[in-house]
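Spelled out from the first residue to the last, the chains are:
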Amino acid sequence: SAVSLSTSNSELKLLRVLQMLSSLCAQDDESKSEGNPPEFVSLLQSLKLESLWDQLAVCLKTVSVLEGVADIDVDENQGDGDEEENDKSDEAISGKNGKKLQNSVAGLITRFLPAIEAFFMVNASSPLDEIHSIEQTASAIDKVVQFAASNKILLNALLRSNPQLLEKGLRAMVKMPKCRLFLDFDVKRRWFLTQVRRLRQQASRRHGSFRLNLRRKHVFEDSFHSFIHRNADELRGRLHITFQNEEGVDAGGLSREFFAILAKEMFNPNYALFMSTEDGCTFQPNPNSSINPDDLRYFRFVGRIVGKAVVDGFLLDAHFTRSLYKHMLGVKPTHHDMQAIDPDYYKNLQMILEHNLEDIGLELTFSTEDHSFGRSRTIDLIPDGRNTIVTDETKSRYVDLVCQHRMTSAIEKQITAFLEGWNEMVDPDLISIFSAKELELLISGMPDIDIHDLKKNTEYNGYRPADKEIGWFWNIMFSLKRSDKAAFLQFVTGSSKVPLSGFSELSGMRGVQKFSINKAASGPAGALMSAHTCFNALDLPVYKSEEEMKEKLHYAISEGGGGFGFA
């Protein structure tokens, strides 16, 4: 009986009273500080609403049972451990630890919205206020965090149906770092893109579009010289790309190709900006980048490019090390991040931590060796480190310092320049809502191309799904190797990356625009298939056999992946 479909008038009245009190106190607050006025916070502390919150918890638990999500385990120890945070963020991305409720379920949860908003208003009114003791404040924060943890799935369903709540009654979910762990990635991403869209619209009104006319063979250099002469506000305007001597009109496809080209060129060994890790798939700044006399200006440029792609919603085929993503978020890397950079070195560090130094026969000092440009030199990790012996009591500090050297100190100038450009485009307060793994997804998209998902989100014009030509087409698509799938996606959309929410949210010049297969107008036998990247459309001629179609598709994706023109 606790669950009903109509909102209780008493709960609405309570919320309105709280909102009115907050408004009245704000008018009398001379400090005009961010957050709730001190007088309002003091009033909240005098309210005795614990029984209401207990009943709210019972009701939400009932909803969880009805929806079959009550068996989700909640970790009551909200630690700050790096590995724990990574695990939680991975679960939020993959959904492996729970379910995503349909929007229809949010209608049932909405019945409790006034009480939920009142809970956050009372308990998350002031993260740390001088009036209250640290113990009282910590207790209130723990109460909010536990509430978010216990009702994670229900709250995310509510936020999907009403995203504006993150700017109003549930803004504590993004303002309190511990609560961010319980927001699903798609909810965070929608909130983030809403915030940066406003900044971009303001910049466009002030400065208009950001237009680039580039030589296709010199995209990186031309872009570099164009970017360094613009301030950050000008760069936030709508991007409009044209290539010299090409007829393509940028309705989104040319911008996607622009970022695809830059994502390759920034890792070009000739610029000496980045070096690949042991797996060859991720990159970190090159400590010897000074061989390029303009390296720091290029790093700032690359930071701006990555930031521009993120705020404009474009994906880059660029994967950095976990430690660099943490730097971009203002988070200190840990020695665990060394595993992705140098697995063997990480294993050696783990051996140092897990065994007595005498047992494994190691004599270490607080120093490390640098081998650059054919010369070797000793670098102290602490003052006079080369003469300070590492003991079992100090080895944890040694491991931390040597990892910080490799991931931070040795490339500090490069990171600083990169972050200067990145922070010019991306507000650090906004991007801090994401974890390092989520930031990688935000920049690079989903790593695998799911042909089943593409097929499910395909529209047909002139063909029917049951036509033999369509059957041939999907047989070919499923048989492609991973690189060819990426090349096909590049051919038809202008980008080889999958949208973060899958192909159901593939974007075109009209907003969300699903992939479509159009029956090509009658032409010569064996004509090549063609693509319209602004519309995510493939013009597919009629072929005599599956083998002929496969041959033409391979030719199209290998020869037609770059360049724009009108037929």
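Remember, it's a predicted structure, so these values are computed and weren't measured experimentally.

Rules behind the numbers
Residues numbered from 1 in each chain as written. Predicted model: local features only at pLDDT ≥ 70, side-chain atom pairs only at ≥ 80, totals over all residues. Heavy atoms only, no water. Salt bridge = Lys/Arg side-chain N within 4 Å of Asp/Glu carboxyl O. Helix = DSSP H or I, 4+ residues; strand = E, 2+ residues; numbered from the N terminus. Axes fitted to C-alpha atoms, helices over the stretch in contact; angles between N-to-C directions. Parallel < 35°, antiparallel > 145°, perpendicular 65-115°, else oblique. Contact = heavy atoms within 4.5 Å. Nonpolar A, V, L, I, M, F, W, Y, C, P; charged D, E, K, R; others polar. Buried < 20%, exposed > 50% of the residue type's maximum accessible area, 1.4 Å probe, protein only. Pairing = 2+ DSSP bridges. Phe/Tyr/Trp six-rings, centres within 6.5 Å; stacked < 30°, edge-to-face > 60°. Core = buried A, V, L, I, M, F, W, Y, C linked by side-chain atoms within 4.5 Å. Left-handed = near helix turned anticlockwise from the far one by under 90°.

### Details of the pattern of salt bridges
Following the criterion strictly, the structure yields 22 salt bridges and no others. As a salt-bridge pair, Asp 312 and Arg 200 come within 3.8 Å of each other at their nearest N and O atoms. Taken together, the residues Asp 312 in helix H15 (residues 295-312) and Arg 200 in helix H11 (residues 185-207) connect sequence positions 112 residues apart. Between Glu 257 and Arg 216 there is a salt bridge, with the nearest N and O atoms lying 2.8 Å from each other.

### Structural notes on the packing of helix H25 (residues 482-493) against helix H26 (residues 546-559)
Where H25 contacts H26, the two axes come as close as 9 Å, and the packing angle between them is 70°. The orientation of H25 relative to H26 falls into the category roughly perpendicular. Touching Asp 484, Ala 487, Phe 488 and Phe 491 of H25 are Leu 553, His 554, Ala 556 and Ile 557, all from H26. A per-class count over the contact of H25 with H26 returns 6 nonpolar, 1 polar and 1 charged.

### Points about the pairing of strand S2 (residues 239-243)
Judged by how many residues are buried, S2 sits mostly within the fold: 4 of 5 residues are covered. As defined by bridge partners, strand S1 (residues 210-214) adjoins S2 across 5 bridges and the pair is classed as parallel. Directly across from Asn 213, in S2, lies its bridge partner Thr 242.

### Looking at the packing of aromatic side chains
Tallying each qualifying case throughout the model produces 27 aromatic pairs. Ring centres of Phe 227 and Phe 301 lie 5.5 Å apart, and the angle between their planes is 80°; on these two criteria the pair is classed as edge-to-face. Separated by 74 residues along the polypeptide, Phe 227 in helix H12 (residues 219-227) and Phe 301 in helix H15 bring together distant segments of the chain. Plain terms: the ring middles of Phe 473 and Trp 474 are 4.9 Å apart, the flat faces sit at 80° to each other, and that makes the pair edge-to-face. With respect to class, Phe 473 is no different from Trp 474; both count as buried.

### Details of the side chain of Ser 223
Topologically, Ser 223 is positioned in helix H12. Judged by relative accessible area, Ser 223 falls into the buried class, the value being 0%. Ignoring sequence-local partners within four residues, the contact set of Ser 223 consists of Leu 214, Phe 258, Leu 262 and Phe 301.

### Quick word on the nonpolar core
Ranked by size, the top nonpolar core spans 102 residues in total, and within it Ile 116, Phe 120, Phe 192, Phe 258, Val 306, Met 328 and Trp 422 carry the most contacts. Of all the elements, H15 adds the most residues to this core, at 9 residues. In this view, Ile 116 contacts Leu 56, Leu 60, Ile 109, Phe 147, Leu 155, Leu 158 and Leu 170; residues no more than four positions away in its chain are not counted. With 28 residues, the next largest nonpolar core counts Trp 474, Ile 476, Leu 480 and Phe 503 among its residues.

### Some remarks on the environment of Phe 224
One can find Phe 224 in helix H12. Its relative accessible area of 1% is what places Phe 224 among the buried residues. Note: C-alpha distance between Phe 224 and Arg 304 (80 residues apart in sequence) is 10.0 Å.

### Observations regarding unusual backbone geometry
Trans peptide bonds make up the majority, and among non-glycine residues the majority have a negative phi. One non-glycine residue, Asp 384, lies in positive phi territory at about 55°. If you trace the backbone, Asp 384 turns up in the loop between strand S6 (375-380) and helix H19 (395-407). Look at Asp 384 and you get partly exposed, because its relative accessible area is 44%. In the Ramachandran plot, Asn 536 falls in the positive-phi region, its phi being about 55° despite a non-glycine side chain.

### With respect to the packing of H15 against helix H20 (residues 412-425)
Viewed as axis vectors pointing N to C, H15 and H20 meet at an angle of 35°, and their least axial separation amounts to 7 Å. Like other packed secondary-structure pairs, H15 and H20 cross with a definite hand, here right-handed. Together, Leu 296, Phe 299, Arg 300, Val 302, Gly 303, Arg 304, Val 306, Gly 307, Lys 308, Val 310 and Val 311 of H15 and Lys 413, Gln 414, Ala 417, Phe 418, Glu 420, Gly 421, Trp 422, Glu 424 and Met 425 of H20 make up the contact between the two elements. Partitioned by chemical class, the residues of the contact of H15 with H20 number 10 nonpolar, 4 polar and 6 charged.

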